[in-house]
Amino acid sequence: MAPVPMSKVFFANSGSEANDTAVKLVWYYHNAIGKPEKKKIISRRNAYHGVTVAAASLSGLITNHRDFDLPIDRILHVDCPHHYRYAELGETEEAFATRLADALEQRILAEGPDTVGAFIAEPVMGAGGVLVVPPATYFEKVQAVLRKYEVLLIADEVICGFCRTGEMFGSTTFGLRPDILTAAKALSSGYVPISAVMVSEKVHAAVAANSGKIGTFGHGFTYSGHPVTAAVALETLRIYEDEAVLAHVQSLAPKFQAGLRRYAGHPHAGEVRGVGLIGAIELAADPAKRTPFDPAMKAGARLAEFALAEGLIVRAMGDAVAFCPPLIITATQVDEMFERFDRALVRFEASLA
Ligand SMILES: Cc1ncc(COP(=O)(O)O)c(C=O)c1O
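Remember, it's a predicted structure, so these values are computed and weren't measured experimentally.

With respect to the overall build of the protein
So, step 1. When you go through the protein residue by residue, the secondary structure sums to twelve helices and eleven strands.
So, step 2. Here the protein has a C-alpha radius of gyration of 21 Å; the compact-globule value for 353 residues is 20 Å, and the two agree.
So, step 3. Dimensions of the protein along its principal axes, counting C-alpha atoms only, are 70 × 45 × 35 Å.
So, step 4. A buried classification covers 47% of the 353 residues belonging to the protein.
So, step 5. The long-range share in the protein, meaning contacts at least 24 apart out of those at least 6 apart in sequence, stands at 69%.

Right, here's the structure in full:
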């Protein structure tokens, strides 16, 4: 199922552990190939990769760092690819992507290409306070820079993996060719804790050779590949295949995305974005000027509460409200979801008066 040829899979119990493992593998790999200086890992502001020491460091959110003495050394953050919020006036998605890729290259050059080992990215940024669908051409341009300086790519597919973006993996949707891929959540449909770290043969071969030389690969959790979680994950993957869940997502995604985009003209919708069966509406006090609401109003949380009162769970991420329906949602249920959201919006508007 992997989006690019992969060689081996290491199992862990959470997305955070998977990303911590990916960091250790990047470091181990570069020691193994005789490049012990090539250890810095570049992540992005607003990224979310988990809460363990390395994963929280990879995360680009101040709340995961402040007073935890994080990020740890050798983890850097570059620009968040959120066009709506960070593009200059009139800048196209393509021009914005070029600017970010150029900035990444400058950062790698400033740090010294021999010191930069990997770049980590969620294909769609999910938990980092906003939901960000990458601007057109972003990953194409970023990957050209990574290839130029032999920087490994880690795709964090903890949210995107297994049908969410309308392909089995977000890497396929956005053309990523990762050397290491982490997955969790939908690997077991969330029923039991299991995560996975897939590695390419290039990485595996170097790690295996080095482990053979020093006698052991000193990394593994008590519950790595636990038979119970493995059985649930295998059954989940069987259901994805046998019940054609991906085809179902692909057939419903256009309806879901069209339904979402209907809100684009709403007087307080700043941006509507999404892909596959994930999307968000970012509220704005004045959409034309992209003026946000006063944070004290907690507009996103307020709208999410009204939605809950209507029997609909949306997630407030700042002033963006995110939709992430079950992969098995039906067409009728998509309609019902938006009907409930319409009623929540009416309540929200009334609360502003
Ligand atoms: C993209 C991404 N990476 C990593 C994690 C961390 O996973 P966990 O909470 O299982 O440690 C999350 C959790 O939401 C996530 O969304």
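Considerations on the nonpolar core
When a protein is soluble and globular, its nonpolar side chains tend to lie buried together.
So, step 1. Counting residues in each nonpolar core, the largest one holds 105 residues, and the members touching the most others are Val124, Leu131, Ile180, Val197 and Leu303.
So, step 2. In this structure Val197 touches Val9, Phe10, Ala12, Ala18, Thr21, Ala22, Ile180 and Thr182, once residues within four positions along its chain are discounted.

What to know about the domain arrangement of the protein
So, step 1. Along its sequence, the protein is organised into domain 1 (8-241) and domain 2 (245-352).
So, step 2. In this assembly, 14 residues from domain 1 lie in contact with 20 residues from domain 2.
So, step 3. Its residues placed into classes, the side of domain 1 that touches domain 2 shows nine nonpolar, four polar and one charged.

Concerning the site of the ligand
So, step 1. Inspection of the region around the ligand gives 14 residues, with Ser14, Gly15, Ser16, Gly50 and Val158 positioned closest.
So, step 2. With three residues, the single largest contributor to the shell around the ligand is helix H1 (residues 15-32).
So, step 3. Considering only residue class, the shell around the ligand consists of five nonpolar, seven polar and two charged.

Comments concerning unusual backbone geometry
So, step 1. Residues Leu70 and Pro71 are joined by a peptide bond in cis, for which omega reads 5°.
So, step 2. Topologically, Pro71 is positioned in the loop between helix H3 (62-65) and strand E3 (75-78).
So, step 3. In this structure, Asn46 is a non-glycine residue whose phi angle is positive, near 75°.
So, step 4. Within the secondary structure layout, Asn46 lies in the loop between strand E2 (40-44) and helix H2 (53-58).

Describing the packing of helix H5 (residues 93-111) against helix H6 (residues 138-148)
Relative placement of two packed helices is described by the angle separating their axes and the distance separating the axes.
So, step 1. Contact geometry of H5 with H6 gives a least axis separation of 9 Å together with a crossing angle of 20°. As the angle between them shows, H5 and H6 are arranged roughly parallel. Relative to H6, the crossing made by H5 is right-handed. Residues Ala97, Thr98, Leu100, Ala101, Leu104, Glu105 and Ile108 of H5 lie in contact with H6, whose contacting residues are Tyr138, Lys141, Val142 and Val145.
So, step 2. Its residues assigned to classes, the contact of H5 with H6 comprises eight nonpolar, one polar and two charged.

Let's talk about the sheet that holds strand E10 (residues 315-317)
So, step 1. On the basis of which strands lie adjacent, the open sheet formed by four strands has the order E8-E9-E11-E10 and antiparallel pairing. Looking at the sheet topology across the chains shown, the edges are occupied by strand E8 (269-275) and E10. Averaged over all adjacent pairs, the angle separating strand axes in this sheet is 20°, with direction ignored.
So, step 2. Relative to strand E9 (residues 278-283), E8 is paired through six bridges, and the arrangement is antiparallel. Bridge pairing in E9 links Glu271 to Glu282.
So, step 3. Across the sheet, helix H11 (residues 299-309) is in contact with E9, E10 and strand E11 (320-323); its angle to E10 comes to roughly 175°.

Regarding helix H8 (residues 201-214)
In an α-helix, one turn spans 3.6 residues; hence positions three or four apart end up facing the same way.
So, step 1. With 14 residues, H8 extends 20 Å from end C-alpha to end C-alpha; this agrees with the ideal 20 Å at 1.5 Å per step.
So, step 2. Immediately beyond the C-terminal end of H8, within one or two residues, lies Gly215, with a positive phi of roughly 100°.

Conventions adopted
- Within each chain, residue numbers correspond to sequence positions counted from 1 in written order.
- Thresholds applied to this predicted model are a pLDDT of at least 70 for local features of residues and 80 or more for the giving and counting of side-chain atom pairs; totals over whole chains, interfaces and linings are not thresholded and use all residues.
- Put simply, DSSP H or I for four residues or longer makes a helix, DSSP E for two residues or longer makes a strand, and each gets a number counted from the N terminus.
- Only C-alpha atoms enter the radius of gyration; for comparison, a globular chain is expected to reach 2.2 Å times N to the power 0.38, where N is the number of residues.
- With C-beta atoms placed from the backbone, a residue is buried if 20 or more other C-beta atoms are within 10 Å of its own, exposed if 12 or fewer are, and partly exposed between those counts.
- Placing C-beta atoms from the backbone, we regard two residues as in contact once those atoms come within 7 Å.
- Definition of nonpolar core: a set of buried Ala, Val, Leu, Ile, Met, Phe, Trp, Tyr and Cys residues joined via C-beta atoms within 7 Å.
- An automatic or database domain assignment supplies the residue ranges for each domain.
- Following the grouping adopted for this structure description, the nonpolar residues are Ala, Val, Leu, Ile, Met, Phe, Trp, Tyr, Cys and Pro, the charged ones are Asp, Glu, Lys and Arg, and the polar ones are all others, Gly among them.
- Being near a molecule or strand means, for a residue, that its C-beta atom, positioned from the backbone, comes within 6 Å of it.
- Only the stretch in contact is used when a helix axis is fitted, and all axes are lines through C-alpha atoms; the angle between N-to-C directions ranges over 0 to 180 degrees.
- Relative orientations are named as follows: roughly parallel for angles under 35 degrees, roughly antiparallel for angles over 145 degrees, roughly perpendicular for angles from 65 to 115 degrees, and oblique for any other angle.
- Handedness of a crossing is defined here by the sense of rotation of the near helix relative to the far one, left-handed for an anticlockwise turn of less than a right angle and right-handed for a clockwise turn.
- The criterion for strand pairing is that DSSP finds at least two bridges linking the strands in question.
- Here the expected span of a helix is defined as 1.5 Å times the quantity of residues minus one.

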